[in-house]
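Fold and geometry: a report
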Amino acid sequence: MLKQALNLIRSGGIFPWTVTLLFYGFVFAVIANAELPALPDQAFALRQRLWENNKQDFRDPNEAFSIFAPYAPPQGSVSFITDVPYNLYSMDIAKTFSAQSYFVPLILNPFPQENHAFVYCSSEAIATTRLRESGYQLRASLGAGKGLAEKTL
Amino acid sequence: MNLLAAVFSPCFLGMLTLHVVLHGIPLRNRIFFYSAMAFPVGAGVCSLILFFAYLICPSQGKFLSLAASLLLTTALLGYVISRNARDPLSSAEALPPLAHFQKIDLQNKRLLAEILLSLAGLFLFLGALFAVIQFFSLSTPLNVWGGWDARFFWSLKAKFFFRSPADWQGMFSPKLFWSHPDYPLLLPGIQAWGWHWLGRESLIWGPVVSLGFYVSCAFLLVWYLRAYVSSATGWFAGTFFLVLGPYLFWSLQQYADVPLGFFIAASVLTLTAAVRSGQVRLFCVSGLLGGLAAWTKNEGLFFLAEAAVFLGIYCAFRGRRKARDWKPLAWFAGGVVLPLLAIVILKVFLGTTGEYLGPKRALHDYFRLLFGGWDRTSLIFQAFFVHMTSFTSWKGTWIIFAAGALLRSLKKITGADRCAWIVFGAVLFINLGYFLTLHLTPYDLKFQIQTAFARLLLHSGILAVAFGFEALTLILPKSKGQTTS
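Just so we're clear, the structure is a prediction, and the values are computed from it rather than from any experiment. (Residues numbered from 1 in each chain as written. Chains lettered and ligands numbered in written order. Predicted model: local features only at pLDDT ≥ 70, side-chain atom pairs only at ≥ 80, totals over all residues. Heavy atoms only, no water.)

Some details on the overall build of chain A
Cut-off, in case you're wondering: Numbering of helices and strands starts at the N terminus; helices are DSSP runs of H or I of at least 4 residues and strands are runs of E of at least 2. Partly exposed residues are those whose accessible area sits between 20% and 50% of the maximum for their type, while under 20% is buried and over 50% is exposed, using a 1.4 Å probe and protein chains only. We call two residues in contact whenever any of their non-hydrogen atoms come within 4.5 Å of each other.
Tallying secondary structure elements over chain A gives five helices and five strands in all. Relative to its full complement of 153 residues, chain A shows a buried share of 40%. Contacts in chain A between residues at least 24 apart in sequence constitute 58% of all its contacts with a sequence separation of at least 6.

Remarks on helix α19 (residues 420-439) of chain B
Where we set the bar: In this analysis, the expected span of each helix is defined as 1.5 Å times one less than the number of residues it contains.
An ideal rise of 1.5 Å per residue puts 28 Å on 20 residues; α19 of chain B measures up with 30 Å between its terminal C-alpha atoms. With respect to burial, α19 of chain B is a largely interior element, 15 of its 20 residues being buried.

A look at a nonpolar patch on the surface
Residue and element names in this part refer to chain B. Cut-off, in case you're wondering: Exposure above 30% relative accessible area and the lack of any salt bridge qualify a residue for a patch; like charges then connect within 9 Å, and the nonpolar side chains Val, Leu, Ile, Met, Phe, Trp and Tyr within 5 Å. Note that accessible areas follow from Shrake-Rupley with a 1.4 Å probe, and for residues the cover is restricted to the protein chains shown. For salt bridges, the criterion is a side-chain nitrogen of Lys or Arg within 4 Å of an Asp or Glu carboxyl oxygen.
On the surface, F12, M15, L77 and I81 cluster together to form a nonpolar patch covering roughly 320 Å² of accessible area. By secondary structure assignment, the location of F12 is in helix α1 (residues 2-21). A relative accessible area of 36% means that F12 is categorised as partly exposed.

Looking at the interface of chain A and chain B
Often, the extent of an interface is quoted as the loss of accessible area on bringing the components together. So the rule is basically this: In short, buried area is how much 1.4 Å probe accessible area vanishes from two parts on joining, totalled over both. Ten residue types, Ala, Val, Leu, Ile, Met, Phe, Trp, Tyr, Cys and Pro, are classed as nonpolar, four, Asp, Glu, Lys and Arg, as charged, and the remainder, Gly among them, as polar.
Listed by partner, the interface residues are 55 residues for chain A and 60 residues for chain B. Taking both partners together, chain A and chain B bury about 5,400 Å²; carbon and sulfur atoms supply 77% of that area. Here chain A is connected to chain B by one salt bridge. Note that K175 of chain B is salt-bridged to E114 of chain A, the shortest N-O span being 3.0 Å. Mapped by element, the contributors of at least two residues to the side of chain A that touches chain B are α1 (2-10), α2 (17-33), α3 (42-51), α4 (93-103) and β2 (107-109) of chain A. Considering every element that reaches the side of chain A that touches chain B, the biggest residue donor is α2 of chain A, with 10 residues. Partitioning the side of chain A that touches chain B into residue classes produces 40 nonpolar, nine polar and six charged.

Focus: the pattern of salt bridges
Applying the stated criterion to the full structure yields 12 salt bridges over all chains. For the salt bridge of R130 of chain A with E133 of chain A, the shortest nitrogen-to-oxygen distance reads 3.0 Å. With R130 of chain A and E133 of chain A both in helix α5 (residues 124-134) and three residues apart, the pair spans about one turn of that helix. Classification of E133 of chain A as exposed rests on a relative accessible area of 52%. A salt bridge links D257 of chain B to R455 of chain B, with the shortest nitrogen-to-oxygen separation between them at 3.0 Å. Here the residue D257 of chain B occupies a position in helix α10 (residues 257-277), and R455 of chain B occupies one in helix α20 (residues 445-456), the gap between them amounting to 198 residues. With respect to class, D257 of chain B is no different from R455 of chain B; both count as buried.

Describing the confidence of the model for chain B
Any residue range with low pLDDT should be treated as having predicted coordinates unsuitable for detailed reading. Residues and elements named next belong to chain B. To keep it simple, the criterion reads: Within a predicted model, pLDDT stands for the predictor's per-residue confidence, ranging from 0 to 100.
Chain-level statistics for chain B give a pLDDT mean of 86 and a share of 86% at 70 or above. Summarising per-element confidence for chain B, the mean pLDDT is lowest in helix α13 (residues 322-325) (60) and highest in helix α7 (residues 205-228) (96). Predicted confidence for residues 476-485 stays below pLDDT 50, and this span has 24 contacts to residues more than four positions away or in other chains.

Here we look at unusual backbone geometry
The peptide bond linking V104 of chain A to P105 of chain A adopts the cis configuration, its omega dihedral lying at 15 degrees. Structurally, P105 of chain A can be placed in the loop between α4 and β2. Positive phi values are uncommon outside glycine, yet N29 of chain B reaches one of about 50 degrees. Within the secondary structure layout, N29 of chain B lies in the loop between α1 and α2 (30-56). Located in the positive-phi region is Q254 of chain B, a residue other than glycine, with phi close to 60 degrees. Note on placement: Q254 of chain B falls in the loop between α9 (245-252) and α10.

A few points about the layout of surface pockets
Using the following cut-off: A pocket here means an open set of points on a 1 Å grid, computed over the protein atoms alone, that has protein on both sides within 12 Å along at least five of seven lines. A cavity is instead a set of points where a 1.4 Å probe fits but cannot get out; residues with an atom within 4 Å of a point line either one. Grid points are joined across faces, edges and corners, and a volume is the space filled by probe spheres set on the points.
Considering only enclosed or pocket space, the second largest pocket measures out at about 680 Å³ in volume. In terms of lining residues, the second largest pocket is bounded by 24 residues, among which V7, V208, L211, G212 and V215 of chain B are the most central. Secondary-structure elements contributing two or more residues to the lining of the second largest pocket are α3 of chain A together with α1, α2, α4 (109-139) and α7 of chain B. In the lining of the second largest pocket, the residues fall into 18 nonpolar, five polar and one charged.

Overview of the packing of aromatic side chains
The cut-off we apply is this: Aromatic pairing here means that ring centres of Phe, Tyr or Trp (its six-membered ring) are within 6.5 Å. Orientation follows from the plane angle: under 30 degrees is stacked, over 60 is edge-to-face, and everything else is tilted. The criterion is that NZ of a Lys, or CZ of an Arg, lies within 6 Å of the ring centre and within 35 degrees of the ring normal, and then a charge sits over that ring.
For the coordinates displayed, the defined rule picks out 58 aromatic pairs over all chains. Among the aromatic residues, those joined into a ring-pair cluster are Y214, F241, Y247, W394, W398, F401, W421, F424 and F467 of chain B. When the ring centre of Y120 of chain A is taken as reference, the NZ or CZ atom of K146 of chain A above it lies at 4.8 Å. Here the guanidinium or amino end of R455 of chain B rests over the ring plane of W250 of chain B, the centre of that ring lying 5.5 Å away.

Quick notes on the packing of α4 of chain A against helix α5 (residues 148-163) of chain B
Here is the rule we go by: For helices, the fitted axis covers only the stretch in contact; all axes are lines through C-alpha atoms, and the angles between them, taken along N-to-C directions, range from 0 to 180 degrees. Under this scheme an angle from 65 to 115 degrees is roughly perpendicular, one under 35 degrees roughly parallel, and one over 145 degrees roughly antiparallel; angles in between are oblique. For any helix crossing, the convention is left-handed if the near helix is rotated counterclockwise from the far helix by under a right angle, and right-handed if that rotation is clockwise.
Across the interface, α4 of chain A lies against α5 of chain B with an axial gap of 9 Å and an inter-helix angle of 25 degrees. It follows from the interaxial angle that α4 of chain A and α5 of chain B lie roughly parallel. Where α4 of chain A crosses over α5 of chain B, the handedness of that crossing is left-handed. Where α4 of chain A approaches α5 of chain B, its residues I93, A94, F97, S98, Q100, S101, Y102 and F103 of chain A are matched on the opposing element by W148, R151, F152, L156, K159, F160 and R163 of chain B. By residue class, the composition of the contact of α4 of chain A with α5 of chain B is nine nonpolar, three polar and three charged.

Some thoughts on the environment of W51 of chain A
Here W51 of chain A lies in helix α3. By relative accessible area, which is 54% here, W51 of chain A ends up exposed.

A few points about the side chain of T239 of chain B
As a reminder, the rule being used: Whenever a nitrogen or oxygen atom comes within 3.5 Å of another N or O atom, the pair is scored as a polar contact, on the condition that within protein one atom can donate a hydrogen and the other can accept it, and that pairs from neighbouring residues in sequence are kept only if both atoms are in side chains.
With respect to the helices, strands and loops of the structure, T239 of chain B is situated in helix α8 (residues 231-242). T239 of chain B sits in the buried class, given a relative accessible area of 0%. At 3.3 Å, the side chain of T239 of chain B forms a polar contact with the backbone nitrogen of F125 of chain B. The contacts of T239 of chain B, once residues within four sequence positions are left out, are I31 of chain A together with G121, L124, F125 and A128 of chain B.

Remarks on the packing of α4 of chain B against α9 of chain B
Residues and elements named next belong to chain B. At a minimum axis separation of 10 Å, α4 and α9 run at an interaxial angle of 35 degrees. Where α4 crosses over α9, the two elements pack in a sense that is right-handed. Across the interface between the two elements, V132, F135, F136 and S139 from α4 touch L248, S251 and L252 from α9. Here the residues of the contact of α4 with α9 are counted per class, giving five nonpolar, two polar and no charged.

Some remarks on empty space enclosed by the protein
Residues and elements named next belong to chain B. Taken as a whole, this structure holds four cavities of 30 Å³ or more when the rule is applied. Of the volumes computed, that of the largest cavity is approximately 100 Å³. Taken together, 13 residues line the largest cavity, and the ones lying closest to its centre are L187, Q191, G206, V209 and Q254. When residues of the lining of the largest cavity are traced back to their parent elements, those giving at least two are α5, α6 (186-198) and α7. Of all the elements, α7 adds the most residues to the lining of the largest cavity, at four residues. Of the residues assigned to the lining of the largest cavity, the class counts are eight nonpolar, five polar and no charged.

See below:
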């Protein structure tokens, strides 16, 4: 029985017509039922502004780190201290990555290895703890756990 | 206007490069081949030019990269014009269409059905293409910076190229280990090249590049299946690709996986076309595309190694005269040479902090990771199963692929059509490679699967669609003397 069925398929008796028609039917059903996610109404206006290169509507997500810009050397490297020590599996690393993206070509070292550091913590208390842990002393405060620090150890 | 020029310049360069290499050789559906390949190949060449320009003279890298790409385009154009003036016929040389398309007999119901199906496919394809481009352009402003990799790997490296040409090698600093200093530079290169052209860190250039690769994937399927199966199959496969969610999603995120998927698929399909037709210059194009895959992401290097092994076996068992046996491999290597040189320079002299192959691991560590326990293997199996059978994402692509393989293995197929097994083999070996590599990940396996696994399937998904459609829609038995080479 199985042998006969195989022979029928091999000789082209069933395949290709049946299979091909079924396949086209399936593909057509998939295409016909496909739908794209809904978009907010402002998408059209935003697209227009993007074409016009209106940068005010598209603020750089890394701009929060511009508070360090007046103190950043053009090249070299500084450490970047955040709420928790560097950990690849913590979302806190996004801060370091964003800051790095903003300050290219200056290199931000996520480890407390450089003479100077940018401190970007959520509060003064966390900043104080992190500075003590990593052997830095705050040299200039930029408020709310942010500031510039220098290596003491 | 400037943006359009920035887009068309690599397209033109890519098309001229392919035209010069493939001049005078018969190639089915050449116009669709160029439509699919022009932008990715041009972008890849521009990226390589930029890398070498920065290596030679970093402080003048911006000027050199733009001038060299324009000079190359002009030189290729001059060469094509002068050659066509000398030899006007050879450039138009092409294979005749497949026998069942040669004459339209209205009494032939099967042929009529194919024509109607083909027209329906064409309209569906155009409709879907318009819809996804519209969706892409409307979604882009909502996340113009792209996803994690786009922001923190590719754009970051592009900024080193653009902002401070003299200090561009800062991107390889070991202090930036998290940005993968050893990653290849195709995307950062083309991004910086476009920024140089536009004179600013243009927000829109990244999404435009991403869209270029995405649309090229659809045209790649249209070219291959139109050329080697039927017109209807090509249009339907292209449309099917456009309704696959993962490719559109990751293109919007501006990840490198869609470009990598394109280059892998383009290399395999061109290789298949080369084996079918025996045209050695197609091996060169396949090599160039494979090299660009390796220049896109490290996974491309695995693919390149697999392709080289396949070609080695193919050449060894082809059974022709010894002097001619290794020609395909030699042409393939000829195409690979420039991208591979760039990768060797990158890995050996610049970004030397690799993650998978590093001094921290001994041979027995690899052995332990590969065969150390069923838990890891089981987890990887589950990841493959869950993702491949997700209808919401893949719309049955992998089931079509498996069904195609089953039915094709039952059916007697002879001649050039057997070459479709190359595509099947490529999908199988690419995923087998990932299966093994996932065992060796230096990261937590669950973390790796959660963050990267869905994207790994993009690398072979286009080939799975190509094979599935070829296997399940090969309608007509070939008449005597007809060939699909």
